[in-house]
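# Per-entry structural report
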Amino acid sequence: MLKYDRTALRTYSMLGARGAFGLALNELAAENEDILALSADLCSTSGLDRFAQNYPTRFYNTGIAEQSLIGIAAGLAAAGYTPFATTFANFAALRGCEQIRHYMGYMAENVKVVGLSAGFAMGMFGITHYGLEDIAALRSIPNLTILSPADSTETVKATLAAAAHKGPVYLRLTGGMNNPMVYKEDYTFTIGKAVTLQTGTDIALVGAGTMVAQCQKAAKLLAEKGVSCTIINMHTIKPLDTLALDSLLGHRLIVTAEEHSKIGGLGAAVAQHLAAKTAAPPLLTIGTEDDYGHAGDYAWLLQHHGLTADSIAAQITDFLGV
Amino acid sequence: MKQDITALKNTAQTMRKQILQLGFAAGNNGAHFAPALSIAEICAALYCNVMHIDTADFTNSDHFILSKGHGSLANYTAMHAAGLLDEATLTRFEENGGPLPGQPSKNLALGIECSSGSLGMGLAYGMGLALADSRKNNSRQTYVLLGDGECNEGSVWEAAQFAAHQKMTNITAIIDANHMQSDGDAAHILNNNPAAMWQGFGWQVITADGHSFDSLLAAFDTKSDGRPRVIVAATVKGKGVSFMENAREWHHGRLTQQQLDEALAQVTGGQTLC
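Residues numbered from 1 in each chain as written. Chains lettered and ligands numbered in written order. Predicted model: local features only at pLDDT ≥ 70, side-chain atom pairs only at ≥ 80, totals over all residues. Heavy atoms only, no water.

All names here are of chain A. Split by domain assignment, chain A resolves into domain 1 (6–174) and domain 2 (195–320). Computed from C-alpha coordinates alone, the two centres of domain 1 and domain 2 are separated by 25 Å. On the domain 2 side, the residues contacting the 29 residues of domain 1 number 32 residues. Roughly 2300 Å² of surface becomes buried between domain 1 and domain 2 when both sides are summed, with 59% attributable to carbon and sulfur atoms. On the domain 1 side of the interface with domain 2, the three residues burying the most area are Phe120, Leu132 and Arg139, jointly 30% of the side's total. Summed over the shared surface of domain 1 and domain 2, the result is zero salt bridges. At the junction of domain 1 with domain 2, the criterion picks out 18 residue pairs in polar contact (both at pLDDT 80 or more). Mapped by element, the contributors of at least two residues to the side of domain 1 that touches domain 2 are helix 6 (134–138), strand 5 (145–147) and strand 6 (169–174). For the side of domain 1 that touches domain 2, the residue count by class is 16 nonpolar, eight polar and five charged. (Domains from an automatic or database assignment. Contact = heavy atoms within 4.5 Å. Buried area = accessible area lost by both parts, 1.4 Å probe. Salt bridge = Lys/Arg side-chain N within 4 Å of Asp/Glu carboxyl O. Polar contact = N/O pair within 3.5 Å; in protein donor to acceptor, adjacent residues only side chain to side chain. Helix = DSSP H or I, 4+ residues; strand = E, 2+ residues; numbered from the N terminus. Nonpolar A, V, L, I, M, F, W, Y, C, P; charged D, E, K, R; others polar.)

Right, let's get into helix 10 (residues 266–275) of chain A. All names here are of chain A. Considered for burial, the residues of helix 10 that qualify are Leu266, Gly267, Ala269, Val270, His273 and Leu274. Taken down its axis, helix 10 places every buried residue within 165° of arc, on the same side. Exposed positions of helix 10 whose direction lies more than 90 degrees from the buried face are Gln272 and Ala275. Considering only its buried residues, helix 10 is in contact with strand 8 (203–207), strand 10 (236–238), helix 9 (242–246), strand 11 (253–261) and strand 12 (283–288). (Buried < 20%, exposed > 50% of the residue type's maximum accessible area, 1.4 Å probe, protein only. Arc of directions from axis to C-beta.)

With that out of the way, let us pick up the pattern of salt bridges. Residues and elements named next belong to chain A. Applying the stated rule across the entire model yields 10 salt bridges over all chains. Where aspartate 186 meets lysine 157, a salt bridge forms, and the shortest distance between an N and an O atom there is 2.8 Å. Of the two residues, aspartate 186 is situated in the loop between strand 6 and strand 7 (195–198) and lysine 157 in helix 7 (residues 152–164); the sequence distance between them amounts to 29 residues. Look at lysine 157 and you get buried, because its relative accessible area is 11%.

Okay, the sheet that holds strand 1 (residues 35–39) of chain A next. Residue and element names in this part refer to chain A. As summarised here, the arrangement of the seven strands in space is 2-1-3-4-6-5-10, forming an open sheet in which the pairing is mixed. For this open sheet the edge positions go to strand 2 (59–61) and strand 10, each flanked by a neighbour on one side alone. Averaged over neighbouring strand pairs, the angle between their axes works out to 20° when direction is ignored. Sheet analysis places strand 5 next to strand 6, joined by three bridges and oriented parallel. (Pairing = 2+ DSSP bridges. Axes fitted to C-alpha atoms, helices over the stretch in contact; angles between N-to-C directions.)

Another aspect to go through is the nonpolar core. Counting residues in each nonpolar core, the largest one holds 75 residues, and the members touching the most others are A:Leu76, A:Tyr103, B:Leu123, B:Met127, B:Trp198 and B:Trp203. Take this core: its biggest share by element is eight residues, from helix 6 (residues 122–135) of chain B. A domain-level breakdown of this core finds at least three residues from each of domain 1 (6–174) and domain 2 (195–320) of chain A. Apart from residues no more than four positions distant in its own chain, B:Trp198 is found in contact with B:Leu123, B:Cys151, B:Val156, B:Trp157, B:Ala160, B:Ile175, B:Trp203, B:Val205 and B:Val230. Residues A:Phe51, A:Leu147, A:Leu301 and A:Ala313 belong to the second largest nonpolar core, which totals 60 residues. (Core = buried A, V, L, I, M, F, W, Y, C linked by side-chain atoms within 4.5 Å.)

So this is what it looks like as structure tokens:
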């Protein structure tokens with residue numbers, strides 16, 4: 001039984017997104033026999049060792065074969081099962097892109113693809129393993145829900161919500177072990193409904209994934225300079241919570257932050273929505289530039305790409321000229 | 001009801017007429033004539049003899065997936081022969097927004113289980129269905145029809161490895177080995193040897209003459225030896241229409257009235273058309 005007391009939340013954080021996902025799926029499987037897990041040779045990396053031990057006949061390893069991973073999952077989904085298919089985010093979204101389009105978009109099969117280690121979490125594995133384009137690749141595919149949980153607790157909740165949701169889901173996991181905690185207590189997670197973490201008057205920070213925690217820290221730095229921030233956790237990239245965005249129009253500046261390219265991700269989705277408004281504040285999108293840069297460890301990469309709280313705060317003060 | 005070989009031959013002949021007529025009626029949209037003509041006997045054998053089909057409840061029926069979606073006219077006309085598609089629906093081939101597009105679109109009400117068109121998608125999906133049947137301990141079989149050109153796709157071989165590893169015996173792949181693909185002779189494009197490749201990937205390879213019902217039914221009757229089965233069916237692209245046979249330009253094309261008349265005369269052997 002999954003708990004949401006302080007001890008449980010700390011445990012989820014310690015496990016990181018992948019471990020929290022594996023824990024959640026293992027618990028879910030005990031209650032729902034239709035839950036299956038598939039992985040493209042990344043069982044342990046997906047946090048699925050316990051699942052595979054407890055439910056050996058409900059786990060399939062497709063080998064290093066992302067295309068058949070998604071195809072097999074789609075056939076199982078068509079027969080009434082709820083398959084979770086896991087591999088690194090870039091391999092799922094880019095190698096398996098047409099499979100996601102065909103089976104999950106066009107055919108709308110009830111597959112849950114879990115994109116592990118999106119963003120820079122793979123660190124020294126190098127640029128082949130970074131997931132910086134997955135949202136951009138998948139956002140234009142109809143019928144697909146895209147979730148980007150803010151911390152490990154939200155990963156647990158998003159996993160449960162994805163299983164309960166009838167329809168294809170891409171679950172984007174960011175961050176490493178000991179993920180910063182955005183949530184210190186239980187709360188309600190609803191697909192498509194953004195969470196307002198803090199209400200302010202000057203700047204609206206709209207984050208997804210690991211960048212929500214960075215936005216929280218950035219807001220504290222900005223508060224020291226007298227800048228008051230609203231913070232939105234946009235955990236669902238698609239469908240986008242446009243009502244939440246509309247509630248931000250009175251701010252001086254809207255800022256999006258994501259561990260993803262500035263092209264085609266959360267920032268682009270928000271920009272497209274705001275562009276149709278007759279009166280909207282300027283939008284600052286924070287993400288990676290149109291450039292791969294160099295490999296490095298996770299902390300270095302976040303700093304190098306301007307994805308730390310300090311950098312987010314500095315980019316905002318530069319933009320405002322304060 | 002299972003058709004015997006005489007009935008199946010009549011069915012294949014009717015299907016060829018319908019393939020030509022429906023493709024002609026599609027007008028300037030054109031149709032994939034030759035890829036459908038090469039699989040007429042395979043589809044007739046499956047729908048009218050081999051597969052268990054429960055029209056009252058498709059969830060009791062065997063699965064068929066046309067992975068080479070461009071052969072749809074053979075699929076649709078075989079479904080008509082089996083009583084799954086009525087005449088009125090069949091004539092809606094390539095209708096704007098209609099249920100029978102040039103390449104199949106999943107439509108469970110009609111008994112079309114998988115969308116296809118993008119090659120290399122059918123086998124993995126069929127394996128998912130077959131795994132589900134194994135999990136549920138039911139006896140449904142899954143048949144996936146692929147083109148030999150389609151086997152250029154890497155996704156086919158990803159799936160093939162998995163089925164062999166899992167020792168899946170409730171799935172049968174059929175390869176329409178017509179040695180032709182969109183750009184012409186397969187030997188000049190990406191020469192392959194389907195029987196050797198499937199054998200190497202751990203499948204039980206059964207060869208057949210894809211235009212002989214005796215040969216095809218014997219192939220489908222061959223029991224699994226514990227490995228997944230693949231029937232490599234030797235076929236002729238455009239079979240039955242002399243100017244379409246092995247003619248690259250008839251992979252997809254448009255018929256004139258004169259060509260239609262000539263083609264119909266050939267596939268019916270000069271019999272009166274009905």
